[in-house]
Amino acid sequence: MRDTQSGRKPLLVTVLVFPGVRLLDVTGPIEVFASANEFGGCYRVRTVSPDGADVVTAAGTGLSVGLAAAQLTEGSDVAVIPGGPEWPSLVKDDALLDAVRTLDAHSRRTASICTGAFLLAAAGLLDGRRATTHWRFADQLALRYPRVTVEADALFVRDGHIMTSAGVSSGIDLSLALVEEQLGADVARAVAKDMVVFMQRPGGQSQFSVRTHAPRARQEMLRRVLDAVAEDPSAPHTLATMARRAGVSTRHMTRLFHDEMTTTPARYVEQVRMEAAQAMLEGGDDPMATVARRTGFGSPESLRRAFTRNLGITPGAYRARFRTTDTAADVRFP
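The structure displayed is predicted, hence computed values, not measured ones.

Trainee: Help me understand the overall build of the chain, please; the structure alone is not making it clear to me.
Mentor: A count of helical and extended segments in the chain gives 14 helices and 11 strands. Counting across all 334 residues of the chain, residues that qualify as buried make up 46%. Counting only contacts in the chain whose residues sit at least 6 apart along the sequence, the fraction spanning at least 24 positions is 64%. Approximately 16400 Å² of the chain is accessible, and the part contributed by carbon and sulfur atoms is 50%.

Trainee: Explanation requested: the sheet that holds strand β1 (residues 11-16) in the structure shown.
Mentor: Strand pairing in a sheet is mediated by backbone hydrogen bonds. Such pairs are either parallel or antiparallel. Ordered by their spatial adjacency, 7 strands build an open sheet running β5-β2-β1-β6-β7-β11-β10, and the pairing between neighbours is mixed. Single-partner strands in this sheet number two, and they are β5 (67-68) and β10 (156-159). Sheet analysis places strand β6 (residues 76-81) next to strand β7 (residues 107-112), joined by 5 bridges and oriented parallel. Its bridge partner lying in β7, V78 is registered against R109. Across the sheet, helix α3 (residues 94-105) is in contact with β1, β2 (43-49), β6, β7 and β11 (162-165); its angle to β1 comes to roughly 170°.

Trainee: What is the right way to look at the pattern of salt bridges in this model?
Mentor: Two side chains of opposite charge can pair, provided their charged atoms sit close to one another. Within this structure, the stated rule accounts for 16 salt bridges. For the salt bridge of R223 with E220, the shortest nitrogen-to-oxygen distance reads 2.6 Å. Taken together, the residues span about one helical turn, with R223 and E220 both in helix α8 (residues 220-231) at a distance of 3 residues. Using a relative accessible area of 42% as the deciding quantity, one classes E220 as partly exposed. Between E270 and R267 there is a salt bridge, and its shortest N-O distance comes to 2.7 Å. With E270 and R267 both in helix α11 (residues 265-283) and 3 residues apart, the pair spans about one turn of that helix.

Trainee: Help me out: how do you make sense of unusual backbone geometry in this one?
Mentor: If a residue is not glycine, its phi is most likely negative; likewise, a peptide bond is most likely trans. Of note in the backbone geometry, C114 takes a positive phi value of approximately 55° without being a glycine. Even without being glycine, T262 reaches a positive phi, approximately 50°. Taking the relative accessible area as the measure of exposure, T262 reaches 65% and is therefore exposed.

Trainee: Any chance you could explain the environment of P300 here in plain terms?
Mentor: With respect to the helices, strands and loops of the structure, P300 is situated in helix α13 (residues 300-311). Here the alpha-carbon distance between P300 and P287, two residues 13 residues apart in the chain, equals 9.1 Å. Once you skip the residues sitting within four places of it in the chain, P300 turns out to touch M288, A289 and A292.

Trainee: For this particular structure, what's the right way to read the packing of helix α1 (residues 23-37) against helix α7 (residues 185-195)?
Mentor: Packed helices, taken two at a time, are described by their axes: the angle between them and the distance between them. Relative to each other, α1 and α7 sit at 115°, their axes nearing to 9 Å. The pairing of α1 with α7 is recorded here as roughly perpendicular in orientation. With respect to the hand of their crossing, α1 and α7 are arranged in right-handed fashion. Only V187, V191, D194 and M195 of α7 make contact with α1, whose side of the interface consists of E31, V32, S35 and A36. Looking at side-chain class alone, the contact of α1 with α7 contains 5 nonpolar, 1 polar and 2 charged residues.

Trainee: Where do I start with the nonpolar core in this structure?
Mentor: Soluble, globular proteins show a tendency: their nonpolar side chains are buried together. By size, the foremost hydrophobic cluster in this structure holds 58 residues, and its most contacted members are L16, V100, L103, L119, L126 and V179. At 6 residues, helix α6 (residues 170-183) tops the list of elements feeding residues into this core. Those residues in contact with L103 that sit more than four places away from it in its chain are T14, L16, V48, A69, L72, A79 and I81. Core analysis: the next-biggest nonpolar cluster, separate from the first, contains 15 residues, L222, M242, L256 and M261 among them.

Trainee: Before we go on, may I ask you to explain the packing of α1 against α6 in this structure?
Mentor: Where α1 contacts α6, the two axes come as close as 8 Å, and the packing angle between them is 30°. As for the relative orientation of α1 and α6, their crossing is right-handed in sense. Two secondary-structure elements touch here, α1 through G28, P29, V32, F33 and A36 and α6 through G171, I172, S175, L176, L178, V179 and L183. Here the contact of α1 with α6 is composed, by residue class, of 9 nonpolar, 3 polar and no charged.

Trainee: For this particular structure, what's the right way to read helix α10 (residues 250-261)?
Mentor: Helical geometry note: an α-helix holds 3.6 residues per turn, so side chains three or four residues apart project in the same direction. Helix length check: α10 (12 residues) gives 16 Å between terminal C-alpha atoms against 16 Å at 1.5 Å per residue, within 8%. Looking only at α10, the buried set comprises M253, L256, F257, E260 and M261. Around the axis of α10, the buried residues are gathered within 95° of arc, so they sit on the same side. For α10, the exposed residues set more than 90 degrees away from the buried face come down to R251 and H258. Positive phi shows up at T262, right after α10, with a value of about 50°.

Thresholds applied
- Residues numbered from 1 in each chain as written.
- Predicted model: local features only at pLDDT ≥ 70, side-chain atom pairs only at ≥ 80, totals over all residues.
- Heavy atoms only, no water.
- Helix = DSSP H or I, 4+ residues; strand = E, 2+ residues; numbered from the N terminus.
- Buried < 20%, exposed > 50% of the residue type's maximum accessible area, 1.4 Å probe, protein only.
- Contact = heavy atoms within 4.5 Å.
- Areas by Shrake-Rupley, 256 points an atom, 1.4 Å probe, with all protein chains shown as cover.
- Pairing = 2+ DSSP bridges.
- Axes fitted to C-alpha atoms, helices over the stretch in contact; angles between N-to-C directions.
- Salt bridge = Lys/Arg side-chain N within 4 Å of Asp/Glu carboxyl O.
- Parallel < 35°, antiparallel > 145°, perpendicular 65-115°, else oblique.
- Left-handed = near helix turned anticlockwise from the far one by under 90°.
- Nonpolar A, V, L, I, M, F, W, Y, C, P; charged D, E, K, R; others polar.
- Core = buried A, V, L, I, M, F, W, Y, C linked by side-chain atoms within 4.5 Å.
- Expected span 1.5 Å × (residues − 1).
- Arc of directions from axis to C-beta.

Rendered as C-alpha cells:
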C-alpha cells in the first residue's frame, strides 16, 4: 500500500492496548505521528489488543481495537507498548506478554512508554539491554529484572531495535525521536512546534523527582540534626556543626549518615538545599542571589553549579520550565 499523494509506502505504527492501559501512553505517541502526517509524513496507526476486544483505559475511557495481536500478518515499522498503573498484575498476564512478544517479532522497532518497560522486561525482551522507565519505578525495574541495566534518569533509551521511555509524557519525546529518525529533523521540529513541546527536552528525570520521603532515622540524635537542616537550610551545616549538635564525633556522624540515610552529611545537606531552592524558584520571583542566600548556597554561581550537577539545567531554566505563571501568552517559540 502506498500513499497516493507522495507515492511512499506508509510507515505502520501498531499500538498495543489492554484493560487498564494509561490513556496518555497511547494517545501521546499517536498524536505525534498524526501531526507528522501534516508535515509530509505518512504514518498509519492501528491498535491491537491481546484478544481483539475493545478496552477501557485506567482513566475510564473506552478505546476501539482493530484486531487481536495474534492476527497480525503485516509487519510494523514501530510497535508501541504502553504501560498502566497496575503493572504488577500486568506482568503476570501471559496473554498480554504473548502479545508483546508477537508485536516485537513483527516490528522493525519496539518502543515502550512509562511502565510499559515492565512488560518488555517480563517478556524477556530487555535481557542484556539498557532501559528506562518512570523514575518512581526505576528501582523496582532493576530489582525485579537484574539482567536489565536501568538508566533511571534518562527520558528515553535506545538499545538496538528497542526504545524505552520514562514517565507518561516522555512517550512524546520518544515519538519525536522516532519521527526524526524516520523523516528527518525538519519534520520532527515542525511537529514539536505544532504540539508546543520541546523537540529535545533538556535535563533528565531527576528534575521531576523531588525527594519528599527520606529514610526515617532511628537515632534520636540524628533526627535532631536532620530537623535542624530542614528548618534552616541556609545555616552553616558543616560536618563539625552537625556532630556538635548530636554530641558525637565527626567520624561517628559520618557513619550515622552512611548507615541510616545511605548518603554523606554533605550530600544530604545539598539535597535539602536543592529542594528549598526548587520551591523558591517555582513559587516566586526572587533574584538568584536571594535564592542562593536563603537556601544556603551563598552565591548565584554556587547555586548554578549545584543545579547543573544535580538536574542538568540552570536555575533560570528550571524556573522558566516549572513555575506556574499567568504569562503563558508571552512565551514565544522560535
